[in-house]
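The residues making up each chain are set out below.
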Amino acid sequence: MALIDRTPNRILGLCSDLRSDNQTQISFPELPATDSPLRFALLRAWLQWCDKHTSCKYENYELHDHGLPTRLLSVGIENGSDYNPDFLKLVSGQEIGAGKYIALSHCWGKLRPGEVPRYCTTQDNIVVREKGFSIADLPLTFRDAVKVARGLQVQYLWIDSLCIIQGKNGDWDQESERMEGVYASAYCTVAATSAIDSNAGFLKRNVSSEYVHVQDDSGRTVYVCTGMADFDKEVEKEAVLNTRAWVMQERFLSRRTIHFGASQVYWECGEGVYCEDLVQLRTGHEEAL
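As the structure is a prediction and not an experimental result, all values here were calculated from the model.

> Any chance you could break down helix 1 (residues 37–50) for me, citing the residues and the numbers?
Taking 1.5 Å of rise per residue, 14 residues should cover 20 Å, and helix 1 covers 20 Å from first to last C-alpha, within 8% of that figure. Taken as a whole, helix 1 has its buried residues at R39, F40, L42, L43, W46, L47 and C50. Around the axis of helix 1, the buried residues are gathered within 150° of arc, so they sit on the same side. In helix 1, the exposed residues that point more than 90 degrees away from the buried face are P37 and Q48. Turning to helix 1, the residues buried within the fold contact helix 4 (140–151), strand 8 (188–191), strand 11 (257–260), strand 12 (265–269) and strand 13 (272–275). The opening residue of helix 1 is S36, an N-cap whose side-chain oxygen sits 3.1 Å from the backbone nitrogen of L38.

Have a look at this one:
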C-alpha cells in the first residue's frame, strides 16, 4: 500500500510488523546499514533460497559446457588460514578446476579511444598480479565488488578489466567469445547499477529513509516510511549501467543478479524481483528467465 504526502512526487509506504496477518505485505521501515552484517546475511539467504528453485538451481548449469573463466580474482575467505583483507591474487581457472565465482557487471566510464586505465590487467603487470597485489590498487567500484564477494563467502570474482588482458598483446578478442559462458556459469552476477564508472562505488546509498510508527490497542505496529522500492526507475530506466551494449546479454544470461541501486538492493531471478526492504515485485523480465 502507498500513501501520497504533500511533498511533490513523494510516495510513502505502509508496512506492518511480524504480528500482522499473512495477507499483509511486510517490509523493513528502515534498511540495514550498508556495512551491516545483516545486509550480507540477507543476500546469502536469498542465494540459499534461490538454490532451491528448479529454474535457478546452481548445479543445473554449473560449469556445464563452459568450465571456469580463463582467470579469476581470488579475494580469499574470511577466517581462512591465508586470508589477508588487503591482498588479492589473479589465478588461473584451469588450475582451480572447479569452484563458485561471482561475475561483476559494471560501467567502465568515459574513456578516450584506445585508453587503458591504470587499474587494468596488461602484459606489463600480469606477472605481478599472479603473485599477488594490494586491493588499494583498484578503483572503488571494484573494491566494493570484493567486499560483496567476501560478504557472500565466495572466494572468486570475475571482473572483465582485471581478468582479461587489456591493451597491446591482450587477449580481449579471444576472451570476449567466452563471455556467454562467464555469466551463464557464474554463481550469481553482481550489478554495480548505481555506479557511473569504476571510481564511483556502489555500496553506499544515495538516499536515506525516514519513518513514523503508530501502535494500536492490540499492540500491532504500523510503520509509514519513505524510500519505497522502485525497481523500474532505479534499474530499468535511469541506471547508466543499462545503457551499455553488453548489459542486456549479461543480465539475460545470468540465472540471478543482485542489483545495487542508489537507494537499495534488488534481487532478480526466475522467481521475480525481491527488494532489500523485503517487498516482492513482478517484472516482464522474469518470463524470459
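> So what about the nonpolar core? Which residues, and what values?
In this structure, L73, L152, W158, F202 and F260 are the most contacted members of the largest nonpolar core, which totals 56 residues. A per-element tally of this core places helix 1 first, with six residues. Beyond its immediate stretch of four places on either side in the chain, F260 contacts R39, L43, V148, V190, A191, A192, T193, S194, F202, L203 and V265. A229, F231, Y266 and C275 belong to the second-largest nonpolar core, a separate cluster that totals seven residues.

> Give me the lowdown on the pairing of strand 3 (residues 71–74), citing residues and values where you can.
Of the two faces of strand 3, the one lined by R71 and L73 and the one lined by L72 and S74 are each fully buried. By the bridge criterion, four bridges tie strand 3 to strand 4 (residues 87–92) in an arrangement that is antiparallel. Counterpart to L73 in the pairing with strand 4 is L90. In this structure, strand 3 lies alongside strand 7 (residues 156–158), joined through two bridges in antiparallel fashion. Bridge pairing in strand 7 places S74 opposite Y156.

> How would you summarise the side chain of H106 if you had to cite specific residues and measurements?
Inspection of the secondary structure puts H106 in the loop between strand 5 (101–105) and helix 3 (126–131). A residue is classified by how much of its surface remains accessible, and H106, at 0% relative accessible area, is buried. Engagement of the side chain of H106 in a polar contact is seen with the side chain of D160, the distance being 2.8 Å. With sequence-adjacent residues up to four places away left out, H106 is seen in contact with T141, F142, I159, D160, A192, S198, L241 and R244.

Parameters at a glance
Residue numbers restart at each chain and count upward from 1, following the sequence in its written direction. Restriction of local features to residues with pLDDT of at least 70 applies here, the model being predicted, together with a cutoff of 80 or more for giving and counting side-chain atom pairs; totals for whole chains, interfaces and linings are based on all residues. Side-chain figures throughout are based on the complete set of non-hydrogen atoms in the structure, without hydrogens or water. Segments assigned H or I by DSSP are reported as helices when at least four residues long, segments assigned E as strands when at least two residues long, and all are numbered from the N terminus. The span expected for a helix works out to 1.5 Å for each residue beyond the first. Only protein chains enter the area calculation, which uses a 1.4 Å probe; residues under 20% of their type maximum are buried, those over 50% are exposed, and those in between are partly exposed. Of all possible arcs, the one meant is that of the directions from the helix axis to the C-beta atoms. The criterion used for residue contact is that any of the two residues' heavy atoms lie within 4.5 Å. In the analysis that follows, any N or O atom pair within 3.5 Å is treated as a polar contact, provided that within protein one partner can donate a hydrogen and the other can accept it, and provided that, for residues neighboring in sequence, both atoms belong to side chains. Working definition of a nonpolar core: buried Ala, Val, Leu, Ile, Met, Phe, Trp, Tyr and Cys residues. They are joined through side-chain atoms within 4.5 Å. For two strands to pair, DSSP has to find at least two bridges joining them.

Shape descriptors only; they carry no functional weight alone.
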